[in-house]
Amino acid sequence: MPRVFGCIAIAHAFLLVATGVLGLVGTGVHTQRHIVLAIFTLFLGCLLQIVVFMYFAVSGKMMRQAIHFGRLDTAPLVQLDRRKRGITLVLAVFVVSVLFSTATGAAHWRSGQSGTLHLLAAGISVIVQLGC
């Protein structure tokens, strides 16, 4: 599972940077490619979030069952819950940055205005996503 997560994360980071480069070049054909690549990057980011969330959900369930059936100490569950809350917060920040960047990009594409707002939102989104 860590290999799958790592591959998806590396692919997402690569696509995120490629989308940004195409957005900065952004004339004619590059604009259309930027939009298509941004949508694909958005989907890959959603897949990455699902993999992380499901990994913690399934492994947490398995740990709880093993501790219950083995009548073991429940102290590791407290640490697991703390990590789950931390990861959920990181995923929430990830989602908000993606939604903000996508919304400003769609507004810029539709109206042709607010390009600086989209550039700012995309920059913040790239920093947040590469930092996560």
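Whatever comes next refers back to the structure up there.
In this report, the structure presented in the accompanying data block is examined.

Rules behind the numbers
Residues numbered from 1 in each chain as written. Predicted model: local features only at pLDDT ≥ 70, side-chain atom pairs only at ≥ 80, totals over all residues. Heavy atoms only, no water. Helix = DSSP H or I, 4+ residues; strand = E, 2+ residues; numbered from the N terminus. Rg over C-alpha atoms; globule rule 2.2 N^0.38 Å. Buried < 20%, exposed > 50% of the residue type's maximum accessible area, 1.4 Å probe, protein only. Contact = heavy atoms within 4.5 Å. Areas by Shrake-Rupley, 256 points an atom, 1.4 Å probe, with all protein chains shown as cover. Polar contact = N/O pair within 3.5 Å; in protein donor to acceptor, adjacent residues only side chain to side chain. Phe/Tyr/Trp six-rings, centres within 6.5 Å; stacked < 30°, edge-to-face > 60°. Core = buried A, V, L, I, M, F, W, Y, C linked by side-chain atoms within 4.5 Å. Axes fitted to C-alpha atoms, helices over the stretch in contact; angles between N-to-C directions. Parallel < 35°, antiparallel > 145°, perpendicular 65-115°, else oblique. Left-handed = near helix turned anticlockwise from the far one by under 90°. Nonpolar A, V, L, I, M, F, W, Y, C, P; charged D, E, K, R; others polar.

Let us now look at the overall build of the chain. Looking only at helices and strands, the chain features four helices and zero strands. The linear arrangement of helices and strands in the chain, starting from the amino end, is α-α-α-α. The globule rule puts the C-alpha radius of gyration for 132 residues at 14 Å, and the 19 Å found for the chain is more than 25% above it. With 132 residues in all, the chain has 24% of them scored as buried. In the chain, the share of contacts with a sequence separation of at least 24, taken over all contacts with a separation of at least 6, comes to 58%. In the structure as shown, the chain presents an accessible area of about 9000 Å², 74% of it carried by carbon and sulfur atoms.

Another point: the side chain of Thr41. Mapped onto the fold, Thr41 is located in helix H2 (residues 29-70). Residue classification places Thr41 among the buried positions, given a relative accessible area of 5%. Reaching out from Thr41, the side chain makes a polar contact with the backbone oxygen of Leu37 at a distance of 2.7 Å. Beyond its immediate stretch of four places on either side in the chain, Thr41 contacts His12, Leu15, Leu16 and Thr19.

In total, this model carries one aromatic pair according to the counting rule given. Look at Tyr55 and Phe56: their rings are 6.0 Å apart centre to centre, the planes differ by 85 degrees, and that puts the pair in the edge-to-face class. Using a relative accessible area of 38% as the deciding quantity, one classes Tyr55 as partly exposed.

Attention shifts here to the nonpolar core. Grouped together as the largest cluster of nonpolar side chains are seven residues: Ile8, Leu15, Leu22, Leu37, Leu44, Leu48 and Val51. Elements represented by at least two residues in this core include exactly helix H1 (2-25) and H2. When residues of this core are assigned to their parent elements, the largest contribution, four residues, is made by H2. Excluding residues that lie within four positions of it along the chain, Leu44 makes contacts with Ile8, Ala11, His12 and Leu15.

Bringing the side chain of Thr104 into the picture now. As for its position among the elements, Thr104 is in helix H3 (residues 75-111). From its side chain, Thr104 meets the backbone oxygen of Ser101 in a polar contact 3.0 Å long.

This part takes up the packing of H1 against helix H4 (residues 115-131). At their nearest, the axes of H1 and H4 sit 11 Å apart, and the two run at 160 degrees to each other. Here H4 runs roughly antiparallel to H1, going by the angle between their axes. Of the two elements, H1 crosses H4, and the hand of that crossing is left-handed. Between H1 and H4, the contacting residues are His12, Ala13, Leu16 and Leu24 on the first element and Leu119, Val126, Gln129 and Leu130 on the second. The residue inventory of the contact of H1 with H4, partitioned by class, reads six nonpolar, two polar and no charged.

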